[in-house]
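Here are the chains, one letter per residue:
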Amino acid sequence: MSTATTTPTVLIIGATSAIATATARCYAADRARFFLVARSPERLAAIRDDLLVRGATQVDTYALDLTDLDGHAAMLAAAKAALGRIDATLVAYGTLGNQQQSEASVEATLREWHTNATSTIALLTLLANELERQRGGTLAVISSVAGDRGRRSNYVYGAAKGALSIFLQGLRARLRKAGVRVVTIKPGMVDTPMTAHLRKGPLFASPERVGRDIYAAMRRGRAVVYTPGYWRLVMFVLRAIPEPIFIRLPL
Amino acid sequence: MLDPTVREYGSWGRYPRLRPRAVVPITWRDELPDLAALPGSVLPYGYGRSYGDSCLNEGGTLLDVSGLNRFIHFDDQTGVLRCEAGVRLDQILATFVPRGWFLPVTPGTKFVSVGGAIANDIHGKNHHVAGTFGRHVLRFELVRSTGERLICSPAEHADLFRATIGGLGLTGLITWAEIRLKPIANAFIDEEQIRFESLDEFLALSAESADRYEYTVAWVDCFVGGGRYVRGHFMRGNHDPSPERPKRLPDRTLRLAVPVDLPGIVLNTVTIRAFNTVYYHRQRAARVRKVIPYEPFFYPLDTIHAWNRMYGRRGFLQYQCVVPTDGDNAAIKEILDRIRRAGQGSFLTVFKTFGDQPSPGMLSFPRPGVTLALDFPLQGAATLRLLDDLDAVVRASGGALYPAKDARMSATTFRASFPRWQEFARYVDPHFSSSFWRRVTSEDGRSA
Ligand SMILES: Cc1cc2nc3c(=O)[nH]c(=O)nc-3n(C[C@H](O)[C@H](O)[C@H](O)COP(=O)(O)OP(=O)(O)OC[C@H]3O[C@@H](n4cnc5c(N)ncnc54)[C@H](O)[C@@H]3O)c2cc1C
Ligand SMILES: NC(=O)c1ccc[n+]([C@@H]2O[C@H](COP(=O)([O-])OP(=O)(O)OC[C@H]3O[C@@H](n4cnc5c(N)ncnc54)[C@H](OP(=O)(O)O)[C@@H]3O)[C@@H](O)[C@H]2O)c1
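Residues numbered from 1 in each chain as written. Chains lettered and ligands numbered in written order. Predicted model: local features only at pLDDT ≥ 70, side-chain atom pairs only at ≥ 80, totals over all residues. Heavy atoms only, no water.

## Remarks on the overall build of chain A
Here's step 1: A tally of regular secondary structure across chain A gives nine helices and seven strands.
Here's step 2: Relative to the 2.2 N^0.38 estimate, which gives 18 Å for 251 residues, the radius of gyration of chain A is 18 Å and therefore close to what a compact globule would have.
Here's step 3: Expressed along its principal axes, the backbone C-alpha trace of chain A runs to roughly 60 × 40 × 35 Å.
Here's step 4: The proportion of buried residues among the 251 residues of chain A is 52%.
Here's step 5: Put simply, of all contacts in chain A between residues at least 6 apart along the chain, 71% involve residues at least 24 apart.
Here's step 6: For chain A, the distance from the average site of its 32 positive side-chain charges to the average site of its 19 negative ones is 9 Å. (Helix = DSSP H or I, 4+ residues; strand = E, 2+ residues; numbered from the N terminus. Rg over C-alpha atoms; globule rule 2.2 N^0.38 Å. Buried < 20%, exposed > 50% of the residue type's maximum accessible area, 1.4 Å probe, protein only. Contact = heavy atoms within 4.5 Å. Lys, Arg positive; Asp, Glu negative; His and termini not counted. Charge placed at Lys NZ, Arg CZ, Asp CG, Glu CD.)

Here it is, written out as structure tokens:
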């Protein structure tokens, strides 16, 4: 394969996500080379074609269910073989489980936890070591504003994203010396298939808007990004509300 | 804060407000739901840039195709682009203008989908040379409620091809389409604006510009009456040919927005008159020529997101008709007279001469003549009565109304506008329908 040194190499895990697609399109305009991981080969092929038209110089795809922890190492080896050095990594997969279902079933709670926390943390452990060896690169992971404070309407999802955010905080400090930049992304509400069942209010943003923010944050290696930016203020206020009042709010 | 691409499932005029029973997002073209099993009738929904009820399906299901927004293939020798039907025209421009390609036909907003552009067989300022959007569509895939997936082109399923272009989303779901882009040298338009003071002057400018200018359109102030009939600005332009100018424009995201409904008072006859007068006089010279980026030339309104909210909660009506040009143009004069007499204002009135390139669709709106597009703040029964009167003038002239802009035409007007409607009806998918279609095919033509 041809390795033009000026074009970035990008690994995207959960590449069929609407937010990940929007981010990938920004990199495609930079003629990036991609390694895309997700569950469905057909969906991956659709995204590959799109990125190629948009200017990507190379797109390899890899089908894997990320909850299958045993598959992680082989996938990373394939990504390294295809890309060589990995300049930018985006971990985007996740599920917005049904909170009521989780309350009623231990199994449902643990399944959500496994997808959004355990499997992601497992993957990040391998990725961190890889990037540390490579001494450089950007590692961006999509967490959520939901991880900033537990709310009755989605605390199972929120707790998993909160765990992820804290894990990333530690990782950022550890990898700093190796020159690896860890970016925690906290989107607010985004109009994607994940939220298709929700009524859209003015606080919803498009995946395009969020994807542009993520791309910019990855390029600059920012630590924690809220997207759209006003969520930083919204969450600042929400975190400041004293607990006895907060638990009475219909959130 | 407002994002132009988050959906509310209304139409652009915000009238009528009709709720679907369900909205089903379509995200992957190989994973379609069983259309026959969805609640009620189904209708594809792009970005709701149609004004009335042709993109609405009260009590039925809307198929939200905005998730089908991927490119599939581009041939940089021929300019042929294959893309999914929910791709918006602004996405095509953002990717392809920097590479020297432009849309073959574009409407006055770039926030419309390829599927919507086909379903309304839209027209642009270059109609007199390029015809409608459908003329630049090579083929598409149409999914019927039987689950059949048909590739339609002038050679395959040619009848369904002609029914679907301008087919108002009623013949099935378009999943992808192939369109031909056209080469450009840079991202700029060489534009000339000329003031005119009568209908004859407008017609003379149109005729004189047709051969030399790819794009022509006029903005008209219809409040000034008394023998002079119309005054306005004629705008004509060509793609700038010089290879030195840049193909890439600096990134410019939306800066202005109308975040809430303004009270209905804001746009009344007085403010509209004032706006029109200021607009008319903003250009001092009778002629101004300049080279400008393509965006302000084609999409002056897109910089103000949700400008439709200026008309307040009641919404507004857009009225677009085409009337054949003839010796004395009595129909156009009569339409303008009636509007003036009724004292109901139009904020933005657009005039354009259509050329004689045949439109490919059975229900395509464009045909030779002059097209007028006017906005009316909805002022109850008086507005509706006025528009009914205008319909009568249009019908008598042998003209037509544009379904993409319509919320109220009668079945009689629809049938007079589209003499091939019965032939078209044979291709309507039995599980597809829209509020518009039920209205214009019902007996009294008013009930939804
Ligand atoms: C500011 C402004 C300026 C405009 N200027 C012009 C102009 O100059 N010329 C012009 O012709 N029009 C113009 N329009 C109208 C606009 O171009 C059309 O209404 C267009 O069809 C809207 O596209 P949409 O994607 O928003 O579709 P919608 O409005 O959501 O739907 C339009 C129709 O397309 C059908 N449809 C959508 N997607 C599919 C699909 N995948 N398969 C099958 N059917 C589908 C729908 O069922 C519906 O019947 C303008 C509109 C605005 C708001
Ligand atoms: N949308 C929001 O409002 C919002 C807000 C804050 C944070 N987020 C986060 O943003 C990220 C992207 O979500 P999105 O909004 O873009 O939604 P989306 O389009 O539904 O994407 C979710 C993605 O996760 C993938 N996925 C789920 N489980 C998987 C598994 N076991 N193995 C592999 N892939 C799996 C899905 O892949 P398949 O194609 O195989 O299903 C899909 O690509 C998620 O982490 C989400 O938690 C979203």
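After that view, the rundown keeps rolling.
## Quick word on the site of ligand 1
Residues and elements named next belong to chain B.
Here's step 1: As a structural note, the neighbourhood of ligand 1 is formed by 34 residues, with Pro 44, Gly 46, Ser 50, Ser 113 and Tyr 402 the closest of them.
Here's step 2: Arg 49 places a polar main-chain atom, nitrogen or oxygen, 2.8 Å from an oxygen atom of ligand 1.
Here's step 3: Interatomic distance of 3.2 Å between a backbone N/O atom of Ser 54 and an oxygen atom of ligand 1.
Here's step 4: Compared with its free state, where it exposes 970 Å², ligand 1 has 96% of that area covered by protein.
Here's step 5: Along the lines of polarity and charge, the residues of the shell around ligand 1 split into 19 nonpolar, 13 polar and two charged.
Here's step 6: A domain split of the shell around ligand 1 shows at least three residues from each of domain 1 (67-184) and domain 2 (188-409). (Near = heavy atom within 4 Å. Polar contact = N/O pair within 3.5 Å; in protein donor to acceptor, adjacent residues only side chain to side chain. Areas by Shrake-Rupley, 256 points an atom, 1.4 Å probe, with all protein chains shown as cover. Nonpolar A, V, L, I, M, F, W, Y, C, P; charged D, E, K, R; others polar. Domains from an automatic or database assignment.)

## Regarding the site of ligand 2
All names here are of chain A.
Here's step 1: As a matter of local geometry, ligand 2 sits amid 28 residues, with Thr 16, Arg 43, Asp 65, Tyr 157 and Thr 192 nearest to it.
Here's step 2: Thr 16 places a polar side-chain atom, nitrogen or oxygen, 2.6 Å from an oxygen atom of ligand 2.
Here's step 3: Between ligand 2 and the protein, one listed contact pairs an oxygen atom with a side-chain N or O atom of Lys 161 at 2.9 Å.
Here's step 4: Listing elements by their share of the shell around ligand 2, those giving two or more residues are α1 (18-29) and α6 (155-175).
Here's step 5: Tallied by class, residues from the shell around ligand 2 come to 13 nonpolar, 11 polar and four charged.

## Considerations on the sheet that holds strand β3 (residues 61-64) of chain B
Residues and elements named next belong to chain B.
Here's step 1: Spatial strand order, β1-β3-β2: three strands in an open sheet with parallel pairing. For this open sheet the edge positions go to β1 (22-25) and β2 (42-45), each flanked by a neighbour on one side alone. Strand after strand, the sheet turns through a mean of 30° between neighbouring axes, direction not considered.
Here's step 2: Pairing of β1 with β3 involves four bridges; the strand directions are parallel. Pairing of Ala 22 across the sheet is with Thr 61, part of β3. (Pairing = 2+ DSSP bridges. Axes fitted to C-alpha atoms, helices over the stretch in contact; angles between N-to-C directions.)

## Considerations on the interface of chain B and chain A
Here's step 1: Every contact between the two is made by 25 residues of chain B and, on the other side, 25 residues of chain A.
Here's step 2: Here chain B meets chain A over a buried area of about 2,000 Å², counting both sides, of which 51% is carbon and sulfur.
Here's step 3: For the pair chain B and chain A, the number of links is two salt bridges.
Here's step 4: Scanning the region where chain B abuts chain A turns up six residue pairs in polar contact (both at pLDDT 80 or more).
Here's step 5: Going through the elements one at a time, β4 (71-75) and α1 (89-96) of chain B are the ones with two or more residues in the side of chain B that touches chain A.
Here's step 6: By residue number, the principal contributor to the side of chain B that touches chain A is β4 of chain B, which donates four residues.
Here's step 7: When the residues that make up the side of chain B that touches chain A are grouped by side-chain class, the tally is 10 nonpolar, seven polar and eight charged. (Buried area = accessible area lost by both parts, 1.4 Å probe. Salt bridge = Lys/Arg side-chain N within 4 Å of Asp/Glu carboxyl O.)

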